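Here is how the chains run, residue by residue.
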Amino acid sequence: MTITPSDPAAELPGCPPIVDLATWQAARDELLVREKAHTREGDAIAAARRRLPMVEFDGKAEVVGPDGPVPFLDLFQGRDELVVYKHMWYDGTPHQGQCEGCTTTAWSLKDAVYLNARGVSFAILTTGPWDEVASFVEFMGYTQPWYSVRDVEGPAGGEMGYVTCFLRDGDRVFLTYSTTGRGNERVNGSLGLLDMTPYGRREGWEDNPEGWPDAAEAGAPVGGHGAPICWYWRSDADGNATWGPTSRPVPQWTRPDATPVETLGRHGRHH
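If you're wondering where the values come from, they're calculated on a predicted model, not measured in any experiment.

1. Observations concerning the side chain of Thr93
Turning to its location among the elements, Thr93 is positioned in the loop between strand E4 (81-87) and helix H2 (100-108). Exposure remark for Thr93: the relative accessible area of 3% places this residue in the buried category. Of note is the side chain of Thr93, whose polar atom sits 3.2 Å from the backbone oxygen of Tyr90.

Here it is, written out as structure tokens:
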């Protein structure tokens, strides 16, 4: 049963109008037409993506993981397809100083079992020296395989902050696709869910109804530091947005028994 307001006083300030279910359904159906068109265009773009030309490179190029140097081919784990997330890295920086966006993106895909079942492997690459990377991965409790591509040329190495896809044919390896910026959002399904919520992401660039809550500002509760992209945020142990020496990207606080002292790591400075 739905409730229809009997007078304008029942309206919520700063919110869309309150209507009966039939009126809502009509508006929803109208939006659905646009959503379906968007889906079909996305399918067409994906079809074009599958037809991009490929770049062959040396699959024997060595990357460094927990077992030492291994050929890039090992990242496929015997499968034919590979997706990697290239995580930005700041040398000599304590754990809380690593990239907020990359940290959150990497945190969002803890289990690649479905990808694996579809014949796709997943790994995270970064340019950090392996001893620092290993310490960070252990601290964060990441479950996906990590490798250092320090001094490795692209497309295996190169610039970080990208989602990149590869194809293997025996010992031959090919770059097939790469994206960055908001293209990386595919790894973090939470962003798509936020897009469906009434308030959305609460990011500065969004087109919201008049009177809608503003994006979080400096000193506000968890949600931002006045930044235009909400997944670039840090907090202290109490959940207050801050960039001080006791802060870290918010996902790090979900680590069991995390404390402010631990964020300093073995390095003495904050990035």
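2. Here's the deal with the pattern of salt bridges
Tallied over the full model, the rule gives seven salt bridges. Of the charged contacts, one joins Arg28 and Glu35 as a salt bridge, the two residues approaching to 2.8 Å between their closest N and O atoms. Given a relative accessible area of 32%, Glu35 falls into the partly exposed group. Of the charged contacts in the structure, one is a salt bridge between Arg201 and Asp195, with a shortest N-O distance of 2.7 Å. Connected through salt bridges with shared partners, the residues Arg182, Glu185, Asp195 and Arg201 form a single ionic network.

3. Section: the environment of Thr180
Assignment of secondary structure puts Thr180 in strand E8 (residues 172-180). A residue is classified by how much of its surface remains accessible, and Thr180, at 37% relative accessible area, is partly exposed. Along the backbone, Thr180 and Thr164 are 16 residues apart, and their C-alpha atoms lie at a distance of 8.8 Å. Every residue in contact with Thr180, bar those within four places of it in the chain, is listed here: Gly161 and Tyr162.

4. Re the packing of aromatic side chains
Within this structure, the stated rule accounts for 10 aromatic pairs. Ring geometry for Phe57 and Phe166: centres 5.6 Å apart, planes at 65 degrees, overall edge-to-face. Taken together, the positions of Phe57 in strand E1 (residues 55-57) and Phe166 in strand E7 (residues 162-169) put the pair 109 residues apart, joining distant regions of the chain. Comparing Phe57 with Phe166 shows no difference in burial state: the two are buried. Summarising the aromatic geometry, the rings of Trp107 and Tyr142 are spaced 5.8 Å apart at their centres and angled 65 degrees between planes, so their arrangement reads as edge-to-face.

5. Overview of the nonpolar core
Within the largest apolar cluster, 21 residues are counted, with the highest numbers of intra-cluster contacts made by Tyr85, Phe122, Ile124, Phe136, Met140, Tyr142 and Trp146. For this core, the elements supplying multiple residues, two or more each, are E4, H2, strand E5 (120-126) and helix H4 (130-140). The element that contributes the greatest number of residues to this core is H4, accounting for five residues. Apart from residues no more than four positions distant in its own chain, Tyr85 is found in contact with Cys102, Thr105, Phe122, Ala123, Ile124, Leu125, Gly161, Tyr162, Val163 and Asn184.

6. Overview of unusual backbone geometry
In this structure, the amide linkage connecting Gly154 to the following residue, Pro155, adopts the cis form with an omega of 10 degrees. Within the secondary structure layout, Pro155 lies in the loop between strand E6 (146-148) and E7. Although it is not a glycine, Gln77 sits at a positive phi angle of roughly 55 degrees. Turning to its location among the elements, Gln77 is positioned in the loop between strand E3 (68-71) and E4. Phi at Asp151 is positive, roughly 65 degrees, even though this residue is not glycine.

7. Comments concerning the side chain of Arg201
Tracing the backbone through its elements, the reader meets Arg201 in the loop between helix H5 (189-196) and strand E9 (234-235). Residue Arg201 is classed as buried on the basis of its relative accessible area, which comes to 5%. Looking at Arg201, its side chain comes within polar contact range of the side chain of Asp195, at 2.7 Å.

8. Overview of the pairing of E3
Pairing of strand E2 (residues 62-65) with E3, which is carried by four bridges, proceeds in the antiparallel orientation. The residue of E3 that forms the bridge with Val64 is Pro69. The hairpin formed by E2 and E3 contains two residues between the paired strands.

9. Concerning the pairing of E8
Relative to E8, E1 runs antiparallel, the two being bridged by three bridges. By the bridge assignment, Phe57 is partnered in E8 with Val173. Taken together, the eight bridges between E7 and E8 define a ladder with antiparallel strand orientation. When the bridges of E8 are listed, Cys165 appears paired with Tyr177. In this antiparallel pair of consecutive strands, E7 and E8, the connection spans two residues, and Gly170 shows a positive phi of 65 degrees.

What counts and what doesn't
Residues numbered from 1 in each chain as written. Predicted model: local features only at pLDDT ≥ 70, side-chain atom pairs only at ≥ 80, totals over all residues. Heavy atoms only, no water. Helix = DSSP H or I, 4+ residues; strand = E, 2+ residues; numbered from the N terminus. Buried < 20%, exposed > 50% of the residue type's maximum accessible area, 1.4 Å probe, protein only. Polar contact = N/O pair within 3.5 Å; in protein donor to acceptor, adjacent residues only side chain to side chain. Salt bridge = Lys/Arg side-chain N within 4 Å of Asp/Glu carboxyl O. Contact = heavy atoms within 4.5 Å. Phe/Tyr/Trp six-rings, centres within 6.5 Å; stacked < 30°, edge-to-face > 60°. Core = buried A, V, L, I, M, F, W, Y, C linked by side-chain atoms within 4.5 Å. Pairing = 2+ DSSP bridges.

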